[in-house]
Each structure stands twice: as C-alpha cells, then as structure tokens.
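# Coordinate analysis (summary)
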Amino acid sequence: MKRGAPEPGASFLARGFFERDPLTCARELIGCELVWNGAGGRVVEVEAYAAKGDEASHTFVRPTARKFIAEHEAGAAYVYMNYGVHWLLNVLVKGGAVNGFVLFRALEPTRGLREMERRRLEGARSALGYSLHGLCSGPGKMAQALGVDGRDHGRDLCAGGGIGFLPPASPVAVERDIRIGISKAAHLKWRFLAKGSEFVSVRPRKKT
DNA sequence: ACACGGATACTA
DNA sequence: AGTATCCGTGTC
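This structure is a prediction, so every number in the text was calculated from the model and none was measured. (Residues numbered from 1 in each chain as written. Chains lettered and ligands numbered in written order. Predicted model: local features only at pLDDT ≥ 70, side-chain atom pairs only at ≥ 80, totals over all residues. Heavy atoms only, no water.)

The next subject is the overall build of chain A. Of the regular secondary structure elements, chain A holds six helices and eight strands. Over its C-alpha atoms chain A spans a radius of gyration of 16 Å, differing by no more than 12% from the 17 Å that the globule rule assigns to 208 residues. On the principal axes, the C-alpha backbone points of chain A span a range of 45 × 45 × 40 Å. With 208 residues in all, chain A has 45% of them scored as buried. Taking contacts inside chain A between residues at least 6 apart in sequence as the whole, the part at least 24 apart equals 62%. In chain A, which carries 31 positive and 21 negative side-chain charges, the distance between the mean positions of the two groups comes to 4 Å. (Helix = DSSP H or I, 4+ residues; strand = E, 2+ residues; numbered from the N terminus. Rg over C-alpha atoms; globule rule 2.2 N^0.38 Å. Buried < 20%, exposed > 50% of the residue type's maximum accessible area, 1.4 Å probe, protein only. Contact = heavy atoms within 4.5 Å. Lys, Arg positive; Asp, Glu negative; His and termini not counted. Charge placed at Lys NZ, Arg CZ, Asp CG, Glu CD.)

In structure tokens:
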C-alpha cells in the first residue's frame, strides 16, 4: 500500500488500506477526504463494527451481512436503509486480524457543496436551507448529501471512477468515544472523531 | 417528546 | 401475513 507516501497529487487509498482490522481503519480514515462523484468532504466521524463478537454489528443477526463479507473484497461499500428513512454508508474491512465494517457518520464538506445542499433540500418539508454544519453531520444526512443509495451497495470504493478516499495531507488529531444510537455493546469506544471538529453528529463526551 | 417508514429476519 | 427490530432525522 502507499501509506506514508507524501507525494503531491495524492491518489485514492488502495485496497490494502482496508485489509486491516476495523479499529485501525476507522482511526486512520479520520482526516481522509471522501470523494463521491464531485461531492465530498473530510471524514470527521466514523464507527468501527466487528464481524464477530460485536452484538451491534449487522453480522450478529443478519445472515445477509455475513454473506456480504464472504462475497466481497475489502473496500466494498455496504449500504443499507435504516429506520426506513435514511441510507447509511459503510465500507467493508477484511483480511486483517478481524473483519468488519466502518460506518461513515459525518464529513466536513469540502467539495460539491451546491449539489450536496440541493440533495439535502429536495424532499425536505421545511423551507429554509441547511447550514454548512448541518449538511453532513450524521450518517443519514451524509449519505443523502452525497447521493448514496441502495444502488451503491457492493460498489468497490477502491476502483476510482470518481469515488475514493484521499489521505490527509498532514497528521490528524483523533479522539475516540462510545458508539451512538445502539443499545447493544454500547460501552465500546469504537467511535473515532477529528479532535475538536464542529462537523460531527454528536460531540464526544468530555474526558476522553 | 414522538412520528416517519422500509428492509431484514423471525414466527406460523 | 404478521410482528419485532433497527448503526436517524426533523418536528412536535
């Protein structure tokens, strides 16, 4: 892989990046820029899920999730609809000590702001626009802003084609906290955030 | 605080 | 077919 190669005009993360364990991938994805067909932003919040022994992971109760891991390469997009309302974007992590997923929860918008705002506004009942802070500050919001939906399920995020991850130009301060919105295995500090970012969904609880 | 809403995986 | 659950969001 190409980590630690600071050449200019950086290219997308290669598959090898995702062939490690979920916690490592989650931590190192913070600060990367997620590029999605002209839109995107700096990854400021993710969560790790383990394929085994993690009661909050889909693999714990969903055979299709386990099948997905078996049938896809590392770096594949795992997209599903939650609460019948929002699509959520994960990336498959596979080939390291532990398999699993990383859920993308928030971006600091950097590109395609107009497109993202348009997608966020369409279908919205309320009239007034969203601030930059509210654009991608949650997994459902982020997916909607990027235009992610079920058609992206299984897509290879390491194959280019306008989609991929640019590594951070400089080191990023990362803090971690417990995961959000789950009832099981809720004590694990498997949520990773860009330290002090104003663009996260929920700020980490004080005292890290 | 609560409604919204659909895919998945159970029970029969 | 019917029910329970679910890694949110916006409005009530």
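Counted under the stated rule, the structure contains 17 salt bridges. A salt bridge links Arg-191 to Glu-45, with the shortest nitrogen-to-oxygen separation between them at 2.8 Å. With Arg-191 in strand 8 (residues 191-194) and Glu-45 in strand 2 (residues 39-50), the pair connects residues that are 146 residues apart, well separated along the chain. One continuous salt-bridge network, built from bridges that share partners, spans Glu-45, Glu-47, Arg-105, Asp-177, Arg-191 and Arg-205. (Salt bridge = Lys/Arg side-chain N within 4 Å of Asp/Glu carboxyl O.)

Moving on: the packing of aromatic side chains. Counted by the stated rule, this structure contains seven aromatic pairs. Consider the rings of Phe-68 and Phe-101, whose centres lie 6.3 Å apart with planes at 40°: the pair is tilted. Here Phe-101 lies in strand 5 (residues 100-111) and Phe-68 lies in helix 3 (residues 63-71), a separation of 33 residues in the sequence. Exposure class is identical for Phe-68 and Phe-101. Each is buried. With a centroid separation of 5.4 Å and 20° between ring planes, the pair formed by Phe-104 and Phe-165 is classed as stacked. Of this pair, Phe-104 sits in strand 5 while Phe-165 sits in strand 6 (residues 163-166); the two residues are 61 residues apart in sequence, bridging distant segments of the chain. Seen from the ring of Phe-17, Arg-20 lies directly overhead, with NZ or CZ sitting 4.6 Å from the centre. (Phe/Tyr/Trp six-rings, centres within 6.5 Å; stacked < 30°, edge-to-face > 60°. Lys NZ or Arg CZ within 6 Å of the ring centre and 35° of its normal.)

Moving on, we come to the pairing of strand 4 (residues 86-93). Along strand 4, six of the eight residues are buried, which leaves the element largely enclosed by surrounding structure. Pairing of strand 3 (residues 77-82) with strand 4 involves six bridges; the strand directions are antiparallel. For Tyr-80, the partnering residue across the bridge sits in strand 4 and is Leu-88. In this structure, the hairpin formed by strand 3 and strand 4 is closed by a connection of three residues, where Tyr-83 is found at a positive phi of approximately 55°. Bridging between strand 4 and strand 5 involves four bridges; their strand directions are antiparallel. Looking across to strand 5, one finds that Leu-92 is bridged to Phe-101. Connecting strand 4 to the antiparallel partner strand 5 that follows it, the hairpin turn spans six residues, and Gly-95 within it adopts a positive phi of roughly 110°. (Pairing = 2+ DSSP bridges.)

With that out of the way, let us pick up the environment of Ser-201. The residue Ser-201 is located in the segment after strand 8 in this model. With 163 residues separating them along the chain, Ser-201 and Gly-38 place their C-alpha atoms 23 Å apart. Ignoring anything within four residues of it in the chain, the contact list for Ser-201 reads Glu-45, Arg-105, Ala-106, Ser-137, Gly-138, Ile-180 and Arg-191.

Turning next to the environment of Ile-69. Note that Ile-69 resides in helix 3. We classify Ile-69 as buried; its relative accessible area is 8%. A C-alpha to C-alpha distance of 13 Å links Ile-69 and Arg-155, two positions 86 residues apart in sequence.

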